[in-house]
Each structure stands twice: as structure tokens, then as C-alpha cells.
Amino acid sequence: MLLGAPPPFLISKIRELRGEMKEAIAYSIMGLGSGGFYALMAMGIVVAYKGSGVINFSHGAIAMYVAFQFYNLRTEGVFRLPWFDILPTSWLNLPVRFNLTDGQPMNFWLCVLLALLTSVLIGALIHYLVFKPLRNAAPLGKVIGAIGVMTYFLGVASLQFGSTIPNPEAVLFKDVLFKNFLGLGLPVSVEALALAASAIIVGAVLWAIFRYTRTGLATRAAAGNEKGAVLLGYSPDKLALFNWVLAALLAGLAGILAGTVTGSLSVGKFTALIVPALGAALIGSMSSIPLAIAGALLIGALQTFTSTWMVGESWFPSWLQSGARDAIPLIIIVAVLFLKGKSLPIRGNIEEKRLPLAPYPKRVGKYVAIFVPLGFLFAAGLPGDFLWAGLTGNWGFSFTASLVAAMFGLSFIILAGYVGQISLVQISLAGTAAFVTARFVANEGPSAENPFAVGGPHWPWPLASLMGIIAAVVVGLIVAIPALRIRGVQLAVVTIAASISMWTLFFDNPSATKLQGGSAYEFGTPFFFGIDIGSTSSSGLTDNPKYTLFCLVVLAGLCVVVANLRRGSTGRRFLAVRANERAAASAGVNVPGTKFLAFGIASAVAGVAGVMTAYQTGSTAATNWEYGIGLSALAFCYLGGITSINGAILGGMIAGGGIVNTFGSFHSPGLYSYTAILGGLGMIATAIIHPAGQASIFQPLMRHFGSWLLIARGKEWGVVLKRLWPFLLGGGAWGAIGINPWRTDSWNRGWAIVLGIFLVLFVRNIVNQVRAAKAAKALPDTNSLQEVTA
Amino acid sequence: MSALLETNELTVSYGGLHANSNVNIKAEKGKLTGLIGPNGAGKTTFIDAITGFTNVSSGRAEFDGNDLAGVLPSDRAKNGLVRTFQSLELFEDLTVWDNLIVMAEQTKWWSFLADIVKPNRVLGIEEQAEWALNLLGLGEHRDKLTLDLSHGQRKLVSVARALAAKPSMLLLDEPAAGLDTVESQQLGKHLREILKQDISIFLIDHDMGLVLSVCDYIYVLDFGKIIAEGTPEEVRNNPEVKRAYLGETAGEMQAEGGAAAARTLSGEG
Amino acid sequence: MSEALLNIVNLNAGYGGIPVVRELNIHVNPGEVVALLGPNGAGKTTTLLTISGILRPIAGDIQLLGSTTIGERPEKIARRGLAHVAEDRSLFFDLTVQENLRLGLTGNRETRSKSQENALDMFPALRPLLDRRAGLLSGGEQQMLAMARGLASEPKMLLVDEMSLGLAPIIVERMLPIVRRIADDTGAGVLMVEQHVGLALSVADRGYVLAHGELTMEGSAQQLRDNQSLLEASYLGGEAH
């Protein structure tokens, strides 16, 4: 009971506080809409995890695809299938696009039905084509599979829906508003509340499925003990199929119901909503549906509360304002994994394969001595115009791009290949290095020429670059802290969240970067003892061979560093940790220290790649460092071979904008837009067929040379030619007739021959691998249970 | 006291179930001490506790007179307490030789800088690794990947790897599992050979033949408790031991299920 | 041998192409309890895992109910009427006892409730625990549940691996007769792996002894009991005494 009346100033303070409380609550309630959306997504992630043990990074991409599908059906009755016209002709091809209503809006329920059918199709395809073959793969293989699917859908969606950013209408209770919800004084849209309510209803249905149906029970059973379920006669494959379809349906439902809650529909941003959904699923320990829903609603409420109410407070740091919303899921993910990472359920598969071997690099010095001059010769342009005709600009640029991509790939080789740590944040580290370097080399502020230029101390480029690389290492080590506690797949979750959040928090945040209106930092021309080694040549194109040479030298240096690390005690400790952390510790290896070291070195390498990329294009902006670009880079590196230096080099060659891509584009101008799709598909295929990647393509060329090229004798060349001549001839002939004569607009015969040979060798390599895999399969159980006691 | 490794009332429990309860063991310097017991008795849990791979609930473990509590597994290994694993856990990407070198080499934080400049430095531990390699007759497999070896050879590599660190005590977890009779006898010979090099051994195995023939002193574990100890001859004739192995006469009621649940949790198999 | 439920012919089984068990010949007839004995590491569990298809055999043949199981997936073999109570029991810890049992049931609604009743009649101690999570049961109760779940599918052939593992001998003594009853009542064949020789032979009709992956003895339970010293030798190693 009150002792007398409180003093008046306290009353007014309480009133004020109560008003603020009301406002805060109202804002939090508005956030329930996005919370409901996250809940639907999180349930899908949980279902997929229960059914197959895969953390489905592609869940957001699937929801995004169905959301676009639904939008297009609704507005113009266009139905699309989730692939592309891959066949070589324009008149005979895979069906992709169906115009159902001559551009008229379509019946709502029909749209829902078709969109959900798309989900079912996607779920079944993902199961049969990706995760069923990957069932016994190493955890990294499954992560790669999921990222491959994500990359694929990002690519297909960009191809089909382009860069349109439509604003979908609300599906639930369009334009209905509670003017003064619960007397809190603020309007709340009914749509948001209805979305939260539907998430809860769907959750209740799912809960019942997993409790009362045999398939649901069996799913839970197999998630806990797969062997037990198999011994009772349940097929893990069928259970996985059921759950993948269910998960895809949930993703589709989320995409359909999203309406206005998620704002305008953009391929990259909608896909990125995987992060809060992952956070919610983790709150539910990847297994509890009610907890996942609660977590999702909490994240939604917290986000709106932070981005609308808290940022209005005077104490809130201004540079955080635009990104605060996106920091919340990251914080939650890191916190959950840090606190209970070890208690998350791990599915004990009956058999599991290991990562591919990381080969011991040999003859490193000789390769460098041969390839750097050779590369420079290519870059500078051999005299004559057979190969060169009309190619200088593109050639120089793409060659340099490949070199830089290979540098970036090396950071994956160190971390994922040698230490088994799946980090998806490397792109942000490269970006950090580029941005920091830009700030240090900048001189004066805005000028008439560039009104958006950012000022700086104008340090010499080597010093500024060093600062950038140091910054990348610092950020990389901070990200590594959770890695010391978190195991493989979970690290991928943290790092993808970090990558996406860093983009909104830092790269795309003008108050942090001082870049106004999507402008870019400019880099001056670097001079090396008075020689212009900048990428811009006298023609104004970025094809200066001196810069290419610079890149070659840097790449060669990095390769030597990585090779030496692999060959020395550091590499032994890396691989020991990768093989088995317990055994490594018992061998006196300091496991956390070793991981930390790997993160540091890989961050430095990524930083170098970032700075080199920035100098290559002469400017850098937020769009260069989006998470999708990092995934695509990982895809090509994995395709090349994640455990070997050759893999990074091959990955660089085939990466987007690289040599092969440019050859191809010379041949089919549209090829650039297929980069992500091909990368995703290549990644999935590699994970399934040959996790060691395609780096072995170099082997038939190099195997027969003792001291390669320097003293290469006719006999050795003869051996290689004898082995490969049908392929060389066939590939050359294929190129000469124009690889795909039906789709060719303009092409250069010389390059098409080279491309043809490359493609044939590539295919030969894959065929050999499939054969080898089949031969290995004939031996039973080469990779099953380790314990041999009985 | 001359015991190199000594535990005092060591107890390990998982969720209230005792996997090891009040275990007192002394392993003397220069001796081969054995620990036997039926499946699920808690033997691997004991090694895990000694080497820091599982948490000790109560009691003490001392190595060379120093309390082991709070010492990192990697530091215990550096101090000379080295183990092998039942499931081998070899470093499969490395050659046999490199497997040994990882164990033997002492690295500093700046070693990576030295590696960048000169990866194949002479480390000064080659002799030791060479010795371990030759002792177990693996010389010809030196540069092979462990994947390319037979199961028995891999077992030997795991022992050689542990030896490369020149430990003062070697803890062997089921080195004979999956070996045939001849291989198992050979292993026994190797163990006596190792003992001569001033390396004490603590051996856990199922193969009673091996344990009874090579050990100096044996402890018998059942349901997480030491039920018998003594020389091989004493243990062989101990009725308690026969009962634990053959289950001929039902003993008193035991803490039911404890060891089994612990076994599930610790993943011993 | 066509009337044998299970007939193993010259089986080589193991891991990674390396046989742990060599040239094994075992058969089990309907209504028969057969003990597979031997010291640890002899290859008993490997044999059972190979029978149920979890491991692919390296060589040899396994015939279940007259037709081979080679190349079949384990879940299909299970549905042919084989129940395997695994060494680790393979229970679903997050599910209740009732749910664990339910997953073992086959057939239509009526036969299902009947099989569940039959299984619970064998292990009445489980009745009051139906709503408890399997992870919270004691070791003995877990073993009973694993057995009951295996029985719930009304198997024609039952494999039981190390039922006594981690259980006090008194519990084992209580459970072993149930194995006998299963064989007698349902006519199913039972192949049980056991460390406790004496207890196992007290209920078995016949027995095989494995050591270092090879059959060293076989015969009726009586014959094996009479050769106690030989048996002991294969367990405790070294010479018989």
C-alpha cells in the first residue's frame, strides 16, 4: 500500500514512462508480422533438419523463388519452372515459361495452388538430386550442397525475374488496420497479426504431425537414432523425401503469405531473410517447433522495436541506425551457438565419408618459375593476331580477374581445405580490406569531378593496403572466436549470418562508410618505383599488362606461402586438426591456437585478394562485397578443388568474369548471367561425384614432366600428346565449328578452339572421376564405421 | 612414492550415473600396468578422464607428482602422458612419417613464419621418430598415407605415433582389438621392447591373452568399480573376475544400468 | 537346409574391406534359441550387423526365410520379418515408451494393438512407464523396451546383441527366460550374442563360439557346458587349465 501520495514530479515521470512503454509495446507488436514470417521459415528449416540432418541454407532462396512465382502468377498469370533453357538450340528446349492468362491477373486460389505445387516440385528435386546422393557425405559436403542449391536459385531467379523489385500486395487482410490497437495509441496492420497467427496455426499442425502420425514419429525417431529406425524397417530416404517436401511447402507458404510484411521483393534481400529464420530455428535447437516459433516472434518484435523505437533515442549510436535491425539475428545466432552449440542435436548417420585428401604440393618453385613468365607473356600479348584479334581489353581484364579470384580462393583452401573450417565470411573480410585501404589512400574530399569522394590521409598504397589487410585479419580473428567453440556446420551458420549482417551494418551503411547514394571509393594509380602498375592502360580500359604481372607475382607469392605452410609443421598441425581434434590434442597440438592461426592467415589472404580486386577495378562499392558473390566464389573454388592450390587456380580460371567465362561470353554473350547457376550446379555435382574437385585436370598435362618445360623433352611431350590427342583434336574441332552454332552471335574462332579443348578436357576429367568412383564402389564399405571391435 | 600415474577416488559421472566410481589406480614407473573389464565397464572413460577428454566429477589424478586437474589435453601430452585411441584416429591426410612428426615436434607460435620461409627444416626430432618407426617395424611404410595400410599396420602406426613424443607414460586403449592372434602376440613383444626404453605403459584391452601375458600388474574394472587387482596369476584365478567375464554366478545387485548409460554417452564402443 | 529361418554360408564380414569375421557358417531353425558366444573383439556384433544389412558382407551368403538378403537395404530386410535388438539398444530417447513401441508395430490397426499387448505381456514392467521418455528409463527398463519394440513387429527371426551389457546379472537372469519364451510361444528363431556364457547356455538350444573372427566350437548347449574349460580358455586366453 502506498504511504501517502507520491510527489508530483514522480507522477509525471511515471506517466511519461508509461507512455514510452506503450509506444515500445506497440512497436514490438508491429514486429510480430515479420516474426510470423520468420516463424514459417524457421519451421521449414527445423523440418528439413529433422528429416535429413542438413542445415538448409537454401531455404530462404526457395521461399524467394516461390514468392516471385506467386507474384508473377497473381499479376500476369506467368508460371515458370525452376530451371533454364539449357539445351543448345532456341527452337528445341526445356519448357520454362508458361503464359496462362495472356498477361491478365489470375484467380487467387489457383495462384496459391500453383505456387505450392512449385514448392513440392522443388522439395522433391532437392531431395532426389542433391541430398539423397549426399546422404553419407562429410558435413562439409552437405553444407556445400545446400549452398549450391542457394547459389543455383539466386542465379535462376536473377535470370527469370531479373533485377525487378516489385511490391507485392498483402495476402491476408489487405489494407485492414487496427487504428488504436489495444489502446496503445498506434495503428497496427491486421496483416501482421494474421501472419503471426497463421504461423502459430501451421506450427500446431506440424506439431500434431510429428506427434501423432507414424511418418512424423519415425522422422523424430530417425533424427535421434537412424540405425534404430532402419532396424525397424523405416527407410531414411523416404522419410527424408517426406520432410524435404514438407520443408519446401513451408518455404513456399512463407513466400506466399509474406505479402507486404517483408517489403519489396528483391532476389538478394529476400534470400537473406534466411538469417533471422536460422536464428529462430537455433533458438529451438533445430528440433523444437514451439520454441522456434517463439524465437521467431521474439526476433521480429525485437527488430521492429530496435529499428523504430530505440534508434529514435538520443543515446543510440547514429552509425548503427540503418543496420541495427539486421544486427539482432546475428547477435542471437552467435549467442545461441556460443552458449549451447555443443548441445545441438547431431544426427548420427550410419556411415559418413571424410573430406577429400589435401595433397602435398610438389615442385612449387619450378611451377612459379615457369608460369609467372609464361603468364606475363600471355598478358602482354604475343605478337601476331591469331589469338589476339579484338580481345585485348577483355583478355587482360578477365585474366587479371582470374588471378584475383584464385587469390581469394586460396583463403578457402587454407580454412576449409586444410583445417576443415567452413567460413562463408571471407568475402566480407576481402571487402573490409578494400574499404579500409580506400579510406587510407584517399586524399581530398569531394571535388567538382567527384562530388561523393571521401577524404582521407592519402597514404602511399603499400602502407594503406597493409592497413586494409591488418583490418581484415582483425575482423577475421573476431569472427574466429566463436569458431573455437563451434563445430563445422554451425560455423557455416555463424559466418553466413556474419557475412550478411556485415553487409547491411557496414558496407551498405552510409554513416559508417561515408559513401553517399551508392557511390564508390576511388583508388589512385599505384606506382612501383616510378612505374605505373595501375590496372588502367592508356586506352582507358582496365587491361594494363603491368597490373596483370603484378597480380601474377602476388598470386605466385601467395601460392608459395600456402604451399610452404602445407609442407611445414603448420600444415601438419592444420591437417591433424582437420582429421580429428581429439587426436590432435592428444598429440600435443593446441587446437584452438591452430584454428586461430588458420583464420588469421586466411583473413590476410582474403584481405590481399580484396585489395587487389579493388585496384583492379579502380574503385570499390558495397555491391562488390555482397554475400552472394562470396558464395559464388566458394562454389567455383570447390568445383576446382577445395583442398589443393591447383583447385584455387582452376577455380579462378572458371570463376565469374574469369578467363573461361570470358571465352564463353565471347562465344555466347549471355553466358555471364548463367554464372551463378553454373557455379551452383557445378558445386552440387562436385560434392556428389568427386569432392576433391576438378583440379586433377592438370594432372594428365603435368604428370610426365620431371623438371617441367625447362628441360621438357620431345619424348615427354610425346607421351602427353599420345594420351590426349583425340581430346585435343576433338575439342579443337568442336571449337572450330563454333561449340554451339545455334546460339552464337559473334565469336572468335581462335578462342573458341581453346575453349573447346578446355571443355573437352574438363568433361574427360569428370568422366574419369565417375569411372573411378564406380570402381571404388565395387569394394564394399570402404568408408564405414571406424571401430572394428565387435 | 614411485607411482608415475596415480588416481585417488577418481569418479566420473554422466547425469548422475557413475561411469567410474572411486577408482584408485597406481601405475609404477617402468612397469606395464593393465586395466581389463567387460564391455561397458568404463575403461575408456577412465583413459578419457586421465587424458583430459572428459570431466572428472570428483577425486584426484596425479601424473609424475603433479595434479592433473585443469591441465589441457594438449599440455598433458606435452608433459609426457600420451594416449592412443581405440578407433585409432590417425591423421589420414598425412603420411606415416608426418603422423609421427606431428606428435614429436615442439612448435612455437611463430613457427608458421619459419614454415613460410623454409618448410622442410631439420627439427631435431627425426631420430626419435625414426626410432619409433623402426621399433614397430614400419620403416618401409614411412612415406605411405595411413589410408593405404592394413588395419593391423594402422594399429601399429597409432602406437608409433604415441611413442614418437618420447612419452614417460603411454596409455594404450585397446591396441589389440581387431588383430588376429599372431598380430596380437607380436604387439605383446613390442610392448616389452618399449618398456625397456624407460617408457611406462598403461594398457587397456579386451584380449585377456595379451593382457595376462604381458602385464606386471592388473586392475579389473566392472560397473565402473575396481573389483580386483593383482599379478596376472592372481587375477586369472580370481573368482570375481571369472564371474564378471562369464557371469556364472549372480553376484549382489549392482548399480543397474549406470555403466551402460555412461557407455552410450561417452561413445565408447 | 531350406527349413532354416536363417542360414549363413561362408560369410566374411568386416569394415573397409578388411574381414573381421571369416568363413562363418551358422543356421537357426524356427523356435530355436541359438547363442553366439566369444570374447570381446571376436566379431559377434559384426556378424549381427551384417545379417541385418547395416554392413555389407565381403563374401558369402545370408539366407533369411529361404531367400538371400545380399544387396538388400536394411529396412527391407527388417520388413521381411527380422528384428534386431542392437548392442546400443538404438532406442529413440526423445520419444515416449509408447511411441517407441508404436514404431515397432506393423500391420493394420487391429493386429497392431494385439501385437502391442503381446509385447507388453512379455514385459509387464513397461506398462506403468508408457508415457515416460525412453531416455529417462533405467538401463534394465531400456533393455526391456528394446526387446519389446523388437517383439512388437512380430518377427520371425530375432537377433539379440549383448542383452546383458551393463546390466546387473540378476536382471539378466530375469530377462533371459523371456528369450526362451519368445521362441517357444511365437515359433520365432532367436540368435543371441552373449558374453555371459553360463547364463546364455542355460536358455539356448545350441551355441557357436567365435574367437578372433573364426568359429572355434559349436554344438548343443549341453555339449558346450560340458566343455567348460575349453570355453574358458577361449575367453581368458592362453592355455586351458
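The structure we're discussing is the one just above.
Each residue is numbered by its place in its chain's sequence as written, counting from 1. Key to labels: chains lettered from A, ligands numbered from 1, both in the order written. Since the coordinates come from a predicted model, pLDDT governs what is reported: local features require at least 70, and pairs of side-chain atoms require 80 or more to be given and counted, while whole-chain, interface and lining totals use all residues. Note that water and hydrogens are dropped before the side-chain values are worked out from all heavy atoms of the structure.

Engineer: A description of the pairing of strand β3 (residues 33-37) of chain C should follow, citing residues and the corresponding values.
Structural biologist: All names here are of chain C. Exposed residues in this analysis have more than 50% of their type's maximum accessible area, buried residues have under 20%, and partly exposed residues fall in between, with area computed by a 1.4 Å probe over protein chains only. Working definition: helices are DSSP H or I runs of at least four residues, strands are E runs of at least two. Numbering for both runs from the N terminus. Burial of β3 is extensive: five of the five residues sit out of reach of the surface. Burial of β3 is two-sided: the residues V33, A35 and L37 facing one way and the residues V34 and L36 facing the other way are all buried. Relative to strand β8 (residues 189-194), β3 runs parallel, the two sharing five bridges. By the bridge assignment for β8, V33 is matched with V190. Two strands are said to pair when DSSP picks up at least two bridges between them. One ladder, built from four bridges, connects β3 with strand β9 (residues 206-211); its direction is parallel. Looking across to β9, one finds that L36 is bridged to Y208.

Engineer: Can you lay out the packing of helix α2 (residues 32-52) of chain A against helix α9 (residues 236-257) of chain A for me, pointing to particular residues and giving the numbers?
Structural biologist: Residues and elements named next belong to chain A. Interhelical geometry of α2 versus α9 gives an angle of 170° and a closest axis separation of 8 Å. Taken together, the axis directions place α2 and α9 in an arrangement best described as roughly antiparallel. In this structure, α2 uses F37, L40, M41, M43, G44, V47, A48, G51 and S52 to contact α9, whose residues at the interface are A240, N243, W244, L246, A247, L250, L253, A254, G255 and L257. Across the contact of α2 with α9, the residue classes tally to 14 nonpolar, five polar and no charged. Only C-alpha atoms enter the line fits that serve as axes; for helices the fit covers just the stretch in contact. Angles between N-to-C directions range over 0 to 180 degrees. In these notes the angle categories are as follows: under 35 degrees is roughly parallel, over 145 is roughly antiparallel, 65 to 115 is roughly perpendicular, and the rest is oblique. Contacts were defined at the residue level, with two residues in contact if any of their heavy atoms lie within 4.5 Å. Three classes are used: nonpolar for Ala, Val, Leu, Ile, Met, Phe, Trp, Tyr, Cys and Pro, charged for Asp, Glu, Lys and Arg, and polar for all others, with Gly counted as polar.

Engineer: How would you summarise the packing of aromatic side chains if you had to cite specific residues and measurements?
Structural biologist: For Phe, Tyr and Trp, rings pair up if their centres lie within 6.5 Å, where Trp contributes its six-membered ring, and each pair is then called stacked (planes under 30 degrees apart), edge-to-face (over 60) or tilted (otherwise). Evaluation of the coordinates by the stated rule reveals 25 aromatic pairs over all chains. With 5.5 Å between their ring centres and 80° between their planes, F37 of chain A and F270 of chain A make a pair best called edge-to-face. Within this pair, whereas F37 of chain A is found in helix α2, its partner F270 of chain A is found in helix α10 (residues 267-271), the two being separated by 233 residues in sequence. With relative accessibility at 3%, the residue F270 of chain A sits in the buried group. Ring geometry for F435 of chain A and F507 of chain A: centres 5.0 Å apart, planes at 85°, overall edge-to-face. One end of the pair, F435 of chain A, is in helix α16 (residues 426-441); the other, F507 of chain A, is in helix α18 (residues 488-507), and 72 residues separate them in sequence. Take F435 of chain A: its relative accessible area is 1%, and that puts it in the buried class. We classify F507 of chain A as buried; its relative accessible area is 2%. Counting as a charge over the ring demands two things of the Lys NZ or Arg CZ atom: a distance within 6 Å of the ring centre and an angle within 35 degrees of the ring normal. Sitting above the plane of the F53 of chain B ring, R582 of chain A keeps its charged end 5.0 Å from the centroid. For the cation-ring pair, R149 of chain C lies above F92 of chain C, with the distance from its terminal atom to the ring centre recorded as 4.6 Å.

Engineer: Break down the sheet that holds β8 of chain C for me, with residues and values.
Structural biologist: Residues and elements named next belong to chain C. Taken together, the six strands give an open sheet; going across it, the order is β6-β7-β8-β3-β9-β10, and neighbouring strands pair in mixed fashion. The sheet is open, and its two borders are formed by β6 (82-85) and β10 (214-220), each paired with just one other strand. Going across the sheet, the axis of each strand differs from the next one's by a mean of 15°, ignoring polarity. As judged from the four bridges shared by β6 and strand β7 (residues 157-161), these two strands associate in the parallel manner.

Engineer: For unusual backbone geometry, give the residues involved together with the corresponding values.
Structural biologist: Negative phi is the rule for most residues except glycine; trans is the rule for most peptide bonds. Although it is not a glycine, D102 of chain A adopts a positive phi angle of roughly 55°. Mapped onto the fold, D102 of chain A is located in the loop between β2 (97-99) and α4 (108-131). Despite not being glycine, E174 of chain B shows a phi value in the positive range, around 50°. Position of E174 of chain B relative to the elements: it lies in the loop between β7 (169-173) and α7 (181-195).

Engineer: So what about a nonpolar patch on the surface? Which residues, and what values?
Structural biologist: Residues and elements named next belong to chain A. The grouping of F338, L339, L463, L466, I470, V474, I478 and I481 at the surface amounts to a nonpolar patch, some 730 Å² of accessible area in total. Of all the secondary-structure elements, those providing two or more residues to the nonpolar patch are α13 (324-340) and α17 (461-483). With six residues, the single largest contributor to the nonpolar patch is α17. Within the element layout of this structure, L339 appears in helix α13. Like-charged residues within 9 Å of one another, or nonpolar side chains (Val, Leu, Ile, Met, Phe, Trp, Tyr) within 5 Å, are grouped into patches, provided each residue has over 30% relative accessible area and no salt bridge. With residues, only the protein chains shown are counted as cover, and all accessible areas are computed by Shrake-Rupley using a 1.4 Å probe. Each reported salt bridge corresponds to a side-chain nitrogen of Lys or Arg within 4 Å of a carboxyl oxygen of Asp or Glu.

Engineer: Could you give me a rundown of the pattern of salt bridges, with the residues and numbers involved?
Structural biologist: Counted by the stated rule, this structure contains 29 salt bridges over all chains. Between E226 of chain A and R135 of chain A there is a salt bridge, and its shortest N-O distance comes to 2.9 Å. Residue E226 of chain A is found in helix α8 (residues 226-231), and its partner R135 of chain A is found in the loop between α4 and α5 (139-161); the two are separated by 91 residues along the sequence. In terms of burial, E226 of chain A and R135 of chain A fall into one category: buried. Between E193 of chain B and K196 of chain B there is a salt bridge, with its nearest N and O atoms 3.9 Å apart.

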